[in-house]
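Topology and contacts: notes
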Amino acid sequence: MIVLKFGGTSVRNAEWINRVLDIAHAELPRSPLLVSSAMAGVTDDLLSMASSAAQGRGEDALQLLESMRQRHIQTCSELLDRHESATHSALEQLISDVRHLIQGISLVRECTPRTQDAVVSFGERLSTLLIAAGGEARGIQVRLFDSREFVRTDDQFTNATCLLEPTYRLIREGITPHPHTLLIAQGFIGATADGVTSTLGRGGSDFSATIFGAALQAEEVQIWTDVDGILTADPRIVSIARQVEVLSYPEAAELAFFGAKVVHPFTIQPAVERGIPVTVRNTGRPEQAGTRIQAASEVHGVRALATRKGITVITIHSSRMLNAYGFLSRIFAVFERYRISVDLVATSEVSVSMTVDNAVNLGPAIGELENYGSVQVETHQAILSLVGRNLWRDPSFVTRVFTSLADVPLRMISLGSSDINLSLVMSESSVDTAMRTLHGEFFE
Ligand code: ADP
Ligand code: ASP
Ligand code: MG
């Protein structure tokens, strides 16, 4: 079997849903499971409705809901080319459920993370309903599943952790792929053991795709998006970034973790466990092969660049660190207590610097860290990562990086124990230029 995942821009309107169905149709002999995101912009709109309603602007929320309703009804009419009442009434029912939720939020003027997940889940539920109806209208045999019955998560709403073992079991028990039947499920959404709707975090549909793929032993997971694959840099920053043909799992995971938005950071893990190749392809140009992510790649040297903004650097200076054991572990225990994840670390005899990208809860954590030394906090920082295999094998690599960035003040450097990542921390305002400079040095 094969998993085909489509992002929001790939299902943005009827014309694009038809392209998606063309791709799925061609794959019918390989027993496809199609995983889809919400139509482009819908998740943002639903979040904005929930927040307007919580702030007492219920009318604004309902107005936005009405335009979302019209967009889906219009797409449905175009896809079906006639008024097919069952799908229309199913759409109206989902929209009416959202309306009730919005009204409830307006009444209590509060939107908890759990309620927010209930609201945003409708994006994927609506889009998959449309795709399923469009497939049936073409005469394809379709089965639409509700991912909440299969993707089991914890209760960290808005950013829930998928509990892989029960999830794999539920998927295997409940879903059987068949040649010439198009199975469809929602990306991004899941449910707790109590059946409460949850989501896997923004961009989480890619992760859903490899979860389904790993459970069903897919021969391949294809991630269809709006670019030709994983590119040598973020194309919004480097317009001439070009497609990378093959990446290893660790390279792709590193790029995703350090900011290449094209795949969600958790996507690779389920694929690695089962050795499933993941390809990233362009829905607008299906004739292109895209990027193939697989167990190993023979290519050495820098493959691509990635950046993550909104980083905070925390530095603790303390002479007590000198020759002391247990110092670092006490510091990391503070981060653990506040559930703050530390990404990069650099130490000297008397100081330790760390990057975090989640500034929530930082205040109280900093308060505790001050027991161990003087604490300096720098916000608006960014990480720029160069990813590739055996980076250090080429003796000129480091020289080229630092010579090209001679004018950029660097805050921290992480040489990456894995030998596939050199990460540089700098101010957010210099990172785009630095990315273009390094792209020029290594790829142009
Ligand atoms: P989808 O809705 O299909 O999931 P996303 O918007 O989440 O799509 O991801 C695709 C986008 O990721 C691209 O349009 C591009 O702007 C951005 N992007 C960032 N870094 C990269 C990269 N290295 N390669 C390709 N795309 C990237
Ligand atoms: N629709 C969700 C989002 O916009 C999930 C996804 O697209 O992957 O974040
Ligand atoms: Mg995405």
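Cut-offs used in this document
Residues numbered from 1 in each chain as written. Chains lettered and ligands numbered in written order. Predicted model: local features only at pLDDT ≥ 70, side-chain atom pairs only at ≥ 80, totals over all residues. Heavy atoms only, no water. Pairing = 2+ DSSP bridges. Helix = DSSP H or I, 4+ residues; strand = E, 2+ residues; numbered from the N terminus. Axes fitted to C-alpha atoms, helices over the stretch in contact; angles between N-to-C directions. Contact = heavy atoms within 4.5 Å. Near = heavy atom within 4 Å. Polar contact = N/O pair within 3.5 Å; in protein donor to acceptor, adjacent residues only side chain to side chain. Areas by Shrake-Rupley, 256 points an atom, 1.4 Å probe, with all protein chains shown as cover. Nonpolar A, V, L, I, M, F, W, Y, C, P; charged D, E, K, R; others polar. Salt bridge = Lys/Arg side-chain N within 4 Å of Asp/Glu carboxyl O. Domains from an automatic or database assignment.

Describing the sheet that holds strand S12 (residues 342-347)
With respect to topology, six strands assemble into an open sheet ordered S12-S13-S11-S14-S16-S15, the strand pairing being antiparallel. In this open sheet, the two edge strands, each paired with only one partner strand, are S12 and strand S15 (410-414). Here the average twist between neighbouring strands, direction ignored, is 30°. Strand contacts of helix H10 (residues 327-337): strand S11 (301-317), S12 and strand S13 (351-356), with the helix running at about 25° to S13, the strand carrying the most contacts.

A short note on the site of ligand 1
Around ligand 1 there are 16 residues in total, and Lys-5, Thr-225, Asp-226, Leu-231 and Lys-261 lie nearest to it. Asp-226 places a side-chain nitrogen or oxygen 2.7 Å from an oxygen atom of ligand 1. In this structure, Leu-231 approaches ligand 1 through a main-chain N or O atom, which is 2.9 Å from a nitrogen atom. Isolated, ligand 1 exposes 570 Å² of accessible area, and the fraction of that covered by the protein chains is 88%. Grouping the constituent residues of the shell around ligand 1 by class yields seven nonpolar, four polar and five charged.

Observations concerning the pattern of salt bridges
One pass over the full model with this rule turns up 21 salt bridges. For Arg-285, the salt bridge is made with Asp-228, and the minimal N-O distance between the two is 2.5 Å. Separated by 57 residues along the polypeptide, Arg-285 in the loop between strand S9 (278-282) and strand S10 (291-294) and Asp-228 in the loop between strand S7 (220-225) and strand S8 (246-248) bring together distant segments of the chain. One continuous salt-bridge network, built from bridges that share partners, spans Glu-27, Arg-30, Glu-219 and Glu-220.

Structural notes on the domain arrangement of the chain
With domains assigned, the chain is organised as domain 1 (2-226) and domain 2 (303-443). Domain 1 and domain 2 are separated by 36 Å when their C-alpha centres are compared.

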